[in-house]
Structures are given as structure tokens and as C-alpha cells.
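In case you want the letters, here they are:
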Amino acid sequence: MTATTTPPPGFRRALAFEWTKFASLRSTVWTTAATALVTMAGAVFVGLSGSLQADDTVLGGSLTLAVVALMTAGAAGALVICGEYSSGTITATLAAVPRRGRALGAKAVLVAGVFGALGLVSCALAYLLGDAVIAGSHPQGSPLPALFGIAALFSLVGVLGLAIGTLVRHAAGAVVSVVAVLLLPSLVGPLLGGAGPWVAGAAPTAALEKLTQTSDASAEAVGSLGAWPSLALVAAYTALALAGAALVLRRRDV
């Protein structure tokens, strides 16, 4: 009798596996919900508090707390894989999908899709809420195509979190690393003299400030690179981080 060999699952099945795990893991569900809610709540709070500067746009003011939402998106991306390492289910995942690059790719596509859609919807709703409560004396800003760029940034930060989580493997360390990537450039940049704006401008938060057209996104603070080139820069190093994570995952004993 000839033994039959079951072929490894294709990408669509691997993606379906990942969605099932994502939707059933409480930590990722709650973190994802927080990502959506914090942006919209921030728009209402900023509008009612009247705390905007005169030259702030309605778009920028409405998305003031989008930087916090980016942190939770990155944290959720990290938890997608760190949760499996902490529970030991990563072994079962890689047994079900032996091609490790495919398994990681399915996670990346899922994270990018979920947080891209979530970022677009939540930020659009936040803008509409902000427009309703922010004083009409503020310039409106240009929500399109900026909102699509912001949605792409949410996707990228989620995938960056996944890459960091794959490299670090421990949830707490991965989340701290994600927050450091988002915040440290803007904290360290002012200490670096003329290079400071370029260091600060490389952070995902700088791309967010430029896309939301906030008054904080001055060339002196975050460099003179435009919003879309800044987004492309984030995409480039996210791709490098994911490629490095895939290489480590292939070589590492789980």
C-alpha cells in the first residue's frame, strides 16, 4: 500500500486559519476594538475641549489621538504571533502550515487588511465627528486622499508590530519595542542637532502628522520629506523588518 501525502494548505486556507485564531483570541479582539474607539473618542474630546491651536486643521484636530491608535495597532500586530508563542500554539500553527514564510505571510495579509480597513473607517468617522464639534474658525484640511494614506499607515504599523513580535517572541518586550519605534525618534531627534528632524521624520508618527496636516508637522520638527514619501519610507523599513522576521522564523527552532 502506498502512503498518501497530504499537500500543505494553500495561502487561502492559511489565511482562513489565521482569521479564525485572530477572531477567537481575546487580547487581539480587545486591542483591535481599542484602536477604533480611541480615535473617535479623541475627536470628540478635542472638539469639546477647544484645545486646538488657531492654525490646526479640523482633520488634524480630529485625529489627535490617532497616534495612540497606531500604538494599539502595532501592539495588536505583535500579539497576533506573540500570543501563539506564549500559549505554545505556534507549534500547531507551523505543523498545520509547514511553510513558515506562508504562515507569516498569511498573518501579515490579515493584519494589514484588518487594520487598514479599521483605520480608514475609524479615522473617517473621527473626522466627521470632529467636523461636527470643532469650531468653524479652523481650516478644514484635505481629508482625501489623506485618509487612504492614514489607513495604509495603520496597515504598515500593524505589520511592523507583527515583524517585531516574530523577532522578539515575548508579548511585553514586543509591545515595548513597538512603542519605542513609534515614539523614540521624536524624543531623541531634538538631541541630535541638524540630523534631528530627519531622525524624527523617519517615525510612523511623523508620517501620520504630515498626512493629518497638523501644525506640529513642521520641517524643523519632522524634516522636509513630504507626507507620501514619508509613508513610502515607513513601507520600506516595514518590508525589511518583515523579510528579516521571515528569515529568522525559517531558521529558528520553535
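All values derive from a computational prediction rather than experimental measurement.

Procedures and definitions
Numbering of residues starts from 1 in each chain and follows the order in which that chain's sequence is written. For a predicted model such as this one, the threshold for reporting local features is a pLDDT of at least 70, and the threshold for listing and counting side-chain atom pairs is 80 or more; totals across whole chains, interfaces and linings nevertheless cover every residue. Side-chain figures throughout are based on the complete set of non-hydrogen atoms in the structure, without hydrogens or water. Numbering of helices and strands runs from the N terminus; a helix is a DSSP stretch of H or I covering at least four residues, while a strand is a stretch of E covering at least two. It is over C-alpha atoms that the radius of gyration is taken, and the globule rule equals 2.2 Å times the number of residues to the power 0.38. Between N-to-C directions, angles cover 0 to 180 degrees, with each direction set by a line fitted to C-alpha atoms, over the stretch in contact for helices. Two helices that cross are described as forming a left-handed crossing if the nearer one is turned anticlockwise from the farther one by less than a right angle, and a right-handed crossing if clockwise. By the convention used here, residues are in contact when the closest approach between their heavy atoms is within 4.5 Å. Amino acids are sorted into nonpolar (Ala, Val, Leu, Ile, Met, Phe, Trp, Tyr, Cys and Pro), charged (Asp, Glu, Lys and Arg) and polar (every other residue, Gly among them). Helices are assigned an expected span. That span is 1.5 Å times one less than the residue count. Buried residues are those whose accessible area, probed at 1.4 Å on protein chains only, stays under 20% of the maximum for their type, while exposed residues exceed 50% and partly exposed ones sit between those limits. Each aromatic pair joins two rings of Phe, Tyr and Trp (for Trp, the six-membered one) with centres within 6.5 Å, and gets the label stacked for planes under 30 degrees apart, edge-to-face for over 60, and tilted for any other angle. In our convention, an over-ring charge means Lys NZ or Arg CZ found within 6 Å of a ring centre and within 35 degrees of that ring's normal.

Q: Help me get a handle on the overall build of the protein chain, residues and values and all.
A: Each helix and strand in the protein chain was counted, giving 12 helices and 0 strands. Listing every helix and strand of the protein chain by position from the N terminus yields α-α-α-α-α-α-α-α-α-α-α-α. Since a compact globule built from 254 residues should have a radius of gyration of about 18 Å, the 20 Å found for the protein chain is in line with a globular shape. Based on the C-alpha atoms only, the size of the protein chain along its principal axes is roughly 80 × 40 × 30 Å.

Q: Describe the packing of helix α6 (residues 100-133) against helix α7 (residues 143-168), and please don't skip the residues or the numbers.
A: Interaxial distance between α6 and α7 falls to 7 Å at its minimum, and their mutual angle equals 145 degrees. Both α6 and α7 take part in a crossing whose hand is right-handed. Taking contact as the criterion, the partners of Leu104, Lys107, Ala108, Val111, Ala112, Phe115, Gly116, Gly119, Leu120, Cys123, Ala124 and Tyr127 in α6 are, on α7, Pro143, Leu147, Phe148, Ile150, Ala151, Phe154, Ser155, Gly158, Val159, Leu162 and Thr166. The class makeup of the residues in the contact of α6 with α7 is 17 nonpolar, 5 polar and 1 charged.

Q: Just give me the short version of α7, but keep the residues and values in it.
A: One turn of an α-helix holds 3.6 residues; hence residues three or four places apart share an orientation. Across its 26 residues, α7 extends 36 Å between first and last C-alpha, which sits within 8% of the 38 Å expected from 1.5 Å per residue. For α7, the tally of buried residues reaches 20 of 26 residues, placing the bulk of the element in the interior.

Q: Can you explain the packing of aromatic side chains? Please cite residues and give values.
A: A full pass over the atoms with the stated rule returns 1 aromatic pair. Centre to centre, the rings of Trp19 and Phe22 are 6.1 Å apart; their planes meet at 20 degrees, and the pair counts as stacked. Placement of the pair is Trp19 and Phe22 together in helix α1 (residues 11-24), with a separation of 3 residues, close to one helical turn. We classify Trp19 as partly exposed; its relative accessible area is 47%. Over the face of the ring belonging to Tyr85 we find Arg169, whose NZ or CZ atom lies 5.7 Å from the ring centre.

Q: Give me the environment of Leu118: which residues, what numbers.
A: Within the secondary structure layout, Leu118 lies in helix α6. The sequence separation of Leu118 and Thr35 amounts to 83 residues, and the corresponding C-alpha distance is 8.0 Å. Apart from residues no more than four positions distant in its own chain, Leu118 is found in contact with Thr32, Thr35, Ala36 and Cys123.

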